[in-house]
Amino acid sequence: MSCYTREDILRMLEEEDVEFIRLQFTDMFGMLKNIAVTTSQIERILDNRIMFDGASIEGFARIEESDMFLHPDLDTFCIFPWRPQHGKVARFVCDVYQGDGKPFPGDPRYVLKRALKEAEEMGYRFDVGPECEFFLFHTDDEGNPTTITHEKAGYFDVSPLDLGENARRDMILTLEEMGYAVEASHHEDAPAQHEIDFQYDEALKMADAIMTFKLGVKTIAMRHGLCATFMPKPKKEYNGSGMHINMSLEKNGVNVFYDKEDANHLSQEAYWFIGGIMKHIRAITAITNPLVNSYKRLVPGFEAPVYIAWSGKNRSPLIRIPASKGGGQRIELRSPDSAANPYLAIAVCLAAGMDGIRNQIMPPAPVDANIFNLSEEERNKLGIECLPENLMEAIQWLEKDPVILDTLGEHLSKNYIQARKREWKEYCSSVTDWETESYLAKI
């Protein structure tokens, strides 16, 4: 994306006949928020004088310190292609600041920027390429979402089997019109499941892109009479939706993860980075798999990883080394799901990897066998452990991991843990359809 100046913004607003501007930010759960103003307020926008009540956003601020200010990132300026072409609507992604002029520590974008700054001080640039999956379902007569689909398509199928092909094409064209580079797209394994992959880019730009992607996908789906959902596991009989994160580090423009002399084509830094992620993965899971529903995806038999291992030869472990070499060498973390807050997910992955580099944490040997086919005894012999089985277990791991807690910061980690514990308690006290179907007539 371009580097815009204040003058560039003023010129584009006039030339493009923009009448409304959305100032967007993200809460700790990864939900997009915004304030909409007219272009008459552009001077206040550019002077960082647009204020909102932080007490109204869960986890943001207490009532007595609730005044927050939105500082637009000018380079994120873009015009929404799906809005009217007369009196257009544009947006800025914003950083959240406190009344005293300091960055708000509970802003997920700030958490990622702080993690990136620490890596930059060590000489590294962090690049990310997400693989975003989602479902397209029908809506009911009132426009409410359902889990109904008439589609029977599977992995890489095309129309007429792939009934969502036209919607997916429109999503890609919309994203590219907004300046985002889409690398590939295809139908996924489950009926009505799709994947769109962004071209590799710097981590902060990619986190912004993921949030824009979710908004665009939902908006275009609605225009096709469909509901797009990033719920990790909407139907128990099918694979859930992941958000695999491909990662690499650059130093002086060179991918430091590549070593042509190594059997796996991995450098020492790459091994340490893998070791750091594997050390902290159970705490990371509370962020990359943030919902009660997330753990319905992380079960054997549905392709999502369950075991903490890595490999360059198969897709059953947690971490895979794709076949790309040289400048394309990367590490793919396969556990994150599409409900994750991208700013926090990318930040904790980077922090764990950098901890591995700082402390030279070597991972165990790769596991090239299909782990799902190994017996429990064989897994134990290889020292293969499991990811957390539920949200509460993941939160408990997070609570005792100082590296990940420090990355999130005291304010955000405290509020996040409280909120997720509350969600877990509500889930445990609810009565599900499964329970009534299993017990009501019998007991």
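Look a little higher up for the structure.
Report follows, based on the coordinates. (Residues numbered from 1 in each chain as written. Predicted model: local features only at pLDDT ≥ 70, side-chain atom pairs only at ≥ 80, totals over all residues. Heavy atoms only, no water.)

The next subject is the overall build of the protein. On a plain count of helices and strands, the protein comes out with 13 helices and 17 strands. For 443 residues, the compact-globule estimate of 2.2 N^0.38 gives 22 Å, and the protein sits close to it at 22 Å. In terms of its C-alpha atoms, the protein occupies a principal-axis envelope of roughly 70 × 60 × 50 Å. Pairs at least 24 apart in sequence give 70% of the contacts found in the protein among residues at least 6 apart. In the form shown here, the protein has an accessible surface area of approximately 20200 Å², with 50% of it arising from carbon and sulfur atoms. (Helix = DSSP H or I, 4+ residues; strand = E, 2+ residues; numbered from the N terminus. Rg over C-alpha atoms; globule rule 2.2 N^0.38 Å. Contact = heavy atoms within 4.5 Å. Areas by Shrake-Rupley, 256 points an atom, 1.4 Å probe, with all protein chains shown as cover.)

Before going further, it helps to examine the packing of aromatic side chains. Under the defined criterion, the tally for this structure stands at 17 aromatic pairs. Look at phenylalanine 213 and phenylalanine 230: their rings are 5.8 Å apart centre to centre, the planes differ by 65°, and that puts the pair in the edge-to-face class. Here phenylalanine 213, found in helix H5 (residues 203-223), pairs with phenylalanine 230, found in the loop between strand S10 (226-229) and strand S11 (243-251); they are 17 residues apart in sequence, far enough to count as distant. Comparing phenylalanine 213 with phenylalanine 230, the two get one shared label, buried. Ring centres 5.5 Å apart and planes at 45° place the aromatic pair tryptophan 424 and tyrosine 427 in the tilted group. With tryptophan 424 and tyrosine 427 both in helix H12 (residues 410-429) and three residues apart, this pair spans about one turn of that helix. Joined through ring pairs, the aromatic side chains of Phe134, Tyr180, Phe198, Phe213 and Phe230 make up one cluster. (Phe/Tyr/Trp six-rings, centres within 6.5 Å; stacked < 30°, edge-to-face > 60°. Buried < 20%, exposed > 50% of the residue type's maximum accessible area, 1.4 Å probe, protein only.)

Let's shift gears to unusual backbone geometry. Of note, the amide linkage connecting serine 159 to proline 160 takes the cis form, showing an omega dihedral of 10°. Its place among the elements puts proline 160 in the loop between strand S6 (125-138) and helix H4 (165-177). We note that glutamate 303 has phi near 75°; this positive angle belongs to a residue other than glycine. Mapped onto the secondary structure, glutamate 303 falls in the loop between helix H7 (294-297) and strand S13 (307-308).

This part takes up the nonpolar core. Phe126, Leu249, Phe273, Ile319 and Leu398 are the most contacted members of the largest nonpolar core, which totals 96 residues. If one sorts the elements of this core by residue count, helix H6 (residues 268-288) sits on top with twelve residues. Contacts of phenylalanine 273, omitting those with residues within four sequence positions, involve Phe126, Met247, Leu249, Phe257, Ile331, Cys349, Leu350, Gly353, Met354 and Ile357. Formed by 23 residues, the second largest nonpolar core is a distinct cluster that contains Met12, Leu70, Phe92 and Phe104. (Core = buried A, V, L, I, M, F, W, Y, C linked by side-chain atoms within 4.5 Å.)

Note that every value here comes from positions in space, so none of it alone points to a role or purpose.
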